Amino acid sequence: MLDDLKKTLWATADKLRANMDAAEYKHLVLGLIFVKYVSDTFQAKHAELTLRLADPDDAYFYGEAAPEDIAAELEDRDYYREANVFWVPEAARWEALRAAAKQPDIGKRIDEALALIEVENTRLKGILDKRYARAQLPDGKLGELVDLVSTIGFGATAGEARDVLGQVYEYFLGLFANAEGKRGGQFYTPRSIVKTLVAVLAPHHGKVYDPCCGSGGMFVQSEEFIEAHGGKVGDVAIFGQEANPTTWRLAAMNLAIRGIDFNLGREPADTFSRNQFPDLRADFILANPPFNISDWWHASLMGDARWQYGDPPAGNANTAWLQHMLHHLAPNGRAGIVLANGSMSSSQNSEGQIRAAMVEADVVEVMVALPGQLFFNTQIPACLWFLAKSKRARRGEVLFIDARKLATMISRVQCELTDAVIERIAGTVAAWRGESGAGVYADVAGYCRSVPLAEIAEHGHVLTPGRYVGAEAVEDDDEDFEAKMRALTEKLGEQMAKGAELDLVIRAKLGGLGYEF
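Remember, predicted model here, so these are calculated numbers, not experimental data. (Residues numbered from 1 in each chain as written. Predicted model: local features only at pLDDT ≥ 70, side-chain atom pairs only at ≥ 80, totals over all residues. Heavy atoms only, no water.)

## Here's the deal with helix 9 (residues 191–201)
Counting buried positions over the eleven residues of helix 9 gives eight, a clear majority of the element. If you check which residues of helix 9 are buried, you get Ser192, Ile193, Val194, Thr196, Leu197, Val198, Val200 and Leu201. The secondary structure elements touched by the buried residues of helix 9 are helix 10 (217–228), strand 3 (282–287), strand 4 (329–340), strand 6 (382–388), strand 9 (415–416) and helix 14 (419–433). (Buried < 20%, exposed > 50% of the residue type's maximum accessible area, 1.4 Å probe, protein only. Helix = DSSP H or I, 4+ residues; strand = E, 2+ residues; numbered from the N terminus. Contact = heavy atoms within 4.5 Å.)

## Structural notes on the packing of helix 9 against helix 14
Running from amino to carboxyl end, helix 9 crosses helix 14 at an angle of 25°, the nearest separation of the two axes being 9 Å. As far as their axial angle goes, helix 14 and helix 9 are roughly parallel. Helix-helix and strand crossings are classified by hand; for helix 9 and helix 14 the assignment is right-handed. Between helix 9 and helix 14, the contacting residues are Ser192, Lys195, Thr196, Ala199 and Val200 on the first element and Asp419, Ile422, Ile425, Ala426, Val429 and Arg433 on the second. (Axes fitted to C-alpha atoms, helices over the stretch in contact; angles between N-to-C directions. Parallel < 35°, antiparallel > 145°, perpendicular 65-115°, else oblique. Left-handed = near helix turned anticlockwise from the far one by under 90°.)

## A word on the sheet that holds strand 1 (residues 206–210)
A sheet is described by the order of its strands in space; here eight strands give the open sequence 2-1-3-4-6-5-7-10, paired in mixed fashion. Each edge of the sheet is formed by a strand with only one pairing partner; in this case those strands are strand 2 (236–240) and strand 10 (448–452). Strand-to-strand twist in this sheet, taken as the mean axis angle between neighbours without regard to direction, amounts to 15°. Summarising the sheet, strand 1 and strand 2 pair through five bridges and their orientation is parallel. The partner of Lys207 across the bridge, within strand 2, is Ala237. (Pairing = 2+ DSSP bridges.)

## Concerning the side chain of Lys45
With respect to the secondary-structure elements, Lys45 resides in helix 2 (residues 22–53). Those residues in contact with Lys45, other than ones at most four positions away along the chain, are Tyr79, Tyr80, Ala83 and Val85.

## Comments concerning the UniProt feature "domain: N6 adenine-specific DNA methyltransferase N-terminal" (unreviewed entry) in the protein
Sequence positions flagged by UniProt for "domain: N6 adenine-specific DNA methyltransferase N-terminal" (unreviewed entry) are, in local numbering, residues 5–148. The span residues 5–148 is 60% helical and 0% strand by assignment, and the distance between its end C-alpha atoms comes to 12 Å. (UniProt positions renumbered as here; feature names shortened; annotations may be inferred.)

## Description of the packing of helix 12 (residues 318–327) against helix 13 (residues 351–360)
Interhelical geometry of helix 12 versus helix 13 gives an angle of 30° and a closest axis separation of 10 Å. The pairing of helix 12 with helix 13 is recorded here as roughly parallel in orientation. Crossing of helix 12 against helix 13: the hand is left-handed. Counting all contacts with helix 12, which are made through Asn318, Thr319, Leu322, Gln323 and Leu326, the residues of helix 13 involved are Glu351, Ile354 and Met358. In terms of residue class, the contact of helix 12 with helix 13 is built from four nonpolar, three polar and one charged. (Nonpolar A, V, L, I, M, F, W, Y, C, P; charged D, E, K, R; others polar.)

## A closer look at the side chain of Asp362
Here Asp362 is to be found in the loop between helix 13 and strand 5 (364–369). With residues up to four places along the chain from it excluded, the contact list for Asp362 reads Ala388, Lys391, Arg395, Gly396, Glu397 and Leu453.

## Section: unusual backbone geometry
Positive phi is not limited to glycine here, since Asp362 has a value of about 60°. Here Asp362 falls in the buried class, since its relative accessible area comes to 14%.

## Topic: the nonpolar core
Counting residues in each nonpolar core, the largest one holds 113 residues, and the members touching the most others are Tyr25, Ile33 and Phe172. Mapped onto the domain boundaries, this core takes at least three residues apiece from domain 1 (1–180) and domain 2 (191–467). Setting aside its immediate chain neighbours within four residues, Phe172 contacts Lys6, Leu9, Trp10, Ala13, Val29, Leu30 and Ile33. If you look at the next biggest cluster of nonpolar residues, it comprises 41 residues, including Tyr209, Phe272, Val451 and Leu463. (Core = buried A, V, L, I, M, F, W, Y, C linked by side-chain atoms within 4.5 Å. Domains from an automatic or database assignment.)

Dropping the structure here:
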């Protein structure tokens with residue numbers, strides 16, 4: 001039911017976009033969904049308080065207070081703040097915007113409503129994007145968009161509204177990333193990749209950090225994992241950094257709409273040159289940094305404490321990301337990182353030496369080769385690095401998993417890892433680590449193999465899984481080898497003869513047209 005609703009909403013919203021660029025339009029749509037969420041949760045809390053203040057059996061019972069006193073009490077901001085609900089001034093509530101949807105100045109009214117919400121809620125300061133008054137939509141379309149968003153998030157409780165709006169927000173994020181093509185990958189990591197990272201790391205407590213957090217998908221998925229395994233939102237502390245200001249706002253809204261508390265630093269900033277959390281040591285790090293960026297270096301980074309395994313080359317930040325995350329891991333922390341395949345084998349500049357030093361220091365735990373066509377923005381083959389500051393099992397070994405053939409196509413140009421495949425990968429890693437209830441690990445030709453560091457050194461510290469797991473075993477059909485070869489060569493002879501006949505026909509046809517050769 002909700003899936004149908006999401007598809008209908010998207011189709012309608014996309015139609016209203018007219019000729020506006022998807023990159024610009026997404027801020028209008030996602031911003032309105034966020035305001036609707038803030039208003040709905042406020043109204044749900046308001047309704048709950050109204051009942052409790054009038055209930056003699058409730059701790060909030062307000063005696064025989066007059067209706068005007070009850071109304072005044074309902075405006076007490078402390079009731080809302082203690083429940084982690086944003087206070088929404090009357091002029092900024094959704095019903096006020098909906099009532100004015102057909103007015104020509106609806107854009108200006110939305111901007112003013114956002115400003116009022118920011119004034120009342122310091123956590124949202126600088127997050128809400130006030131661009132509606134100057135939006136280049138045809139006349140009336142913004143009002144229609146307000147009407148459309150008004151249909152989302154029916155629910156009697158704040159929890160219901162949060163769930164529906166959160167799912168719609170993430171669904172729209174993914175489709176906007178798809179619509180934007182190459183640029184979309186800058187703020188959105190496909191869900192099946194995030195789920196794989198989360199399933200292998202299993203973040204269930206402590207601090208979770210993403211140094212290039214995009215729209216915050218790693219955090220949302222981590223919280224969903226925790227809830228699915230009996231925990232609750234808030235069991236982990238969220239730390240993120242993002243350089244792009246508009247993406248930083250998307251992340252803040254994405255987390256707030258899920259009721260997730262977060263720390264995204266004081267402002268959007270470059271992770272390398274303006275590290276917002278220099279003293280952070282995280283229990284889990286999940287990240288999908290931009291691949292192979294060449295303009296990241298700054299002279300101030302020379303000799304930085306993060307480069308424990310060697311100064312990264314100025315022309316490629318892959319090894320800088322890996323070392324940054326290792327630096328920020330707690331003593332027993334683990335990290336999962338998406339990188340381009342070149343990070344596993346490149347020997348350009350100092351990349352090979354840094355990778356060798358990391359392998360010899362035994363901080364590389366698992367390597368996973370991913371299928372192609374998983375991303376919106378690039379066809380570059382990618383892999384997953386799993387790092388551990390201090391391995392608790394399998395010291396002196398690295399687990400290699402080749403998942404290149406395990407994808408399922410979901411469109412003409414994109415594939416994904418199904419939940420069953422993700423479960424298989426996570427289960428393989430858990431068994432290899434010797435975790436309770438995970439079963440006994442065994443190498444599987446063509447899929448996984450545990451490899452000692454000495455063998456990796458013999459291969460020049462190249463970490464490409466295909467080099468170690470070998471070929472997939474093929475089931476023997478018991479047919480006699482000589483008989484099979486005779487049959488195959490006869491078939492080949494028939495096909496070659498047919499090919500020769502076709503060559504003659506083609507030659508004759510071209511000759512008839514005056515093109516003899």
